[in-house]
Amino acid sequence: MAGLRPDSPLPQSITVHEQSRVLEVGFNDGATFRIPFELMRVYSPSAEVQGHGPGQEVLQTGKRHVTLVNLEPVGNYAVRPTFSDGHDSGIFSWDLLYELGQNEKALWAEYEFRLKAEGVDRDTPMPEKKSGGGHGCGSH
């Protein structure tokens, strides 16, 4: 099983564009998406970003200039990027990359809405992480 769902479009090409900070993914259904690194970082599927359940999401800020320093395959179904801010615990399935590409405008709008609701903007630095041990999720 190459995708998470049997009918999932599969990538035929993946290109990291460092200058424009986008991941270009061409799928076997003819769709090609140029997914901004910032969007990937903000919507990372990791527990660090998504939390462990609804309402536990952590709004990501200060990611406008984030780059990819590594992109490694995970089996035949995903990639795991390492971002320039050190974040490397998100595994992006082909399904998720397709969803990010297909819904980019709506996801940006949702992100902008969340920023406004929190009274911050895209360039606001993330708050410092509290020290005192891990949170026990085992995702690091």
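Above this text sits the structure in question.
Overview of the structure. Per chain, the residues get numbers from 1 upward, laid out in the order the sequence is written. In view of the model being predicted, local features appear only for residues whose pLDDT reaches at least 70, and side-chain atom pairs are presented and counted only at 80 or more, with totals across whole chains, interfaces and linings using the full set of residues. For the side-chain quantities, the full set of heavy atoms in the structure was used; hydrogens and water were omitted.

## Observations concerning the overall build of the protein
Then step 1. Helix and strand assignments come from DSSP, with helices taken as H or I runs of at least 4 residues and strands as E runs of at least 2, each series counted from the N terminus. A tally of helices and strands in the protein yields four helices and six strands.
Then step 2. Counting helices and strands in the order they occur from the N terminus, the protein gives β-β-β-α-α-β-β-β-α-α.
Then step 3. Looking at the protein as a whole, 37% of its 140 residues are labelled buried.
Then step 4. Each accessible area is a Shrake-Rupley result for a 1.4 Å probe, and residues are judged covered by the shown protein chains and nothing else. Surface exposure of the protein reaches about 8300 Å², of which carbon and sulfur atoms provide 49%. Per-residue accessibility, obtained with a 1.4 Å probe over protein chains only, is compared with the maximum for each type, and a residue is labelled buried under 20%, exposed over 50%, and partly exposed between these values.

## Brief notes about helix α3 (residues 94-102)
Then step 1. Burial analysis of α3 places seven of its nine residues in the buried class, which makes it a mostly covered element.
Then step 2. Along α3, the positions that sit buried rather than exposed are Trp94, Asp95, Leu96, Leu97, Tyr98, Leu100 and Gly101.

## Notes on the environment of Val58
Then step 1. As for its placement among the helices and strands, Val58 is situated in the loop between α2 (47-50) and β4 (68-74).
Then step 2. On the basis of relative accessible area, Val58 is assigned to the partly exposed category, the value being 35%.
Then step 3. Contacts are assigned to residue pairs that have any heavy atoms within 4.5 Å of one another. If sequence neighbours within four positions are ignored, Val58 has contacts with Glu48, Val49, Arg114 and Met126.

## Thoughts on unusual backbone geometry
Then step 1. Even without glycine at this site, Arg21 takes up a positive phi of about 55 degrees.
Then step 2. Summarising the element assignment, Arg21 is placed in the loop between β1 (11-17) and β2 (22-27).

## Digging into the sheet that holds β1
Then step 1. Strand order in the open sheet formed by three strands is β1-β2-β3, and the pairing between neighbours is antiparallel. Lying at the two open borders of the sheet, with one neighbouring strand each, are β1 and β3 (32-36). On average, each strand axis in the sheet is tilted by 15 degrees relative to the strand beside it, whichever way the strands run.
Then step 2. By the convention used here, strands pair only if DSSP detects at least 2 bridges between them. Looking at chain direction, β1 and β2 are connected through six bridges and run antiparallel. The residue bridging His17 from the neighbouring strand is Val22, located in β2. A fitted line through C-alpha atoms represents every axis, and for helices the fit uses only the stretch in contact; the resulting angles, taken between N-to-C directions, go from 0 to 180 degrees.

## Looking at helix α4 (residues 104-118)
Then step 1. Take the residue count of a helix, subtract one, and multiply by 1.5 Å to get its expected span. Counted at 1.5 Å a residue, the expected span for α4 with its 15 residues is 21 Å, and the 21 Å between its end C-alpha atoms agrees.
Then step 2. Within the sequence span of α4, burial applies to Leu107, Trp108, Tyr111 and Leu115. For α4, the arc enclosing every buried residue in end-on projection is 100 degrees, short of the 170-degree limit, so these residues lie on one face. When the buried face of α4 is taken as reference, the exposed residues oriented beyond 90 degrees from it are Lys105, Ala106, Phe113, Lys116 and Ala117. Read the arc as the range of directions from the helix axis to the C-beta atoms.

## Remarks on the packing of aromatic side chains
Then step 1. Ring pairs shown here join Phe, Tyr and Trp side chains whose ring centres sit within 6.5 Å, with only the six-membered ring taken for Trp; geometry is labelled stacked below 30 degrees between planes, edge-to-face above 60, and tilted in between. Tallying each qualifying case throughout the model produces four aromatic pairs.
Then step 2. When the ring of Phe33 is compared with that of Tyr98, the centres are 5.1 Å apart and the planes differ by 90 degrees; the resulting orientation is edge-to-face. A residue pair is termed long-range when its members are at least 10 positions apart, and Phe33 in strand β3 and Tyr98 in helix α3 qualify at 65 residues.
Then step 3. Classification of Phe33 by relative accessible area gives buried; the value is 13%.
Then step 4. Aromatic rings pair up to connect Phe27, Phe33 and Tyr98 into one cluster.

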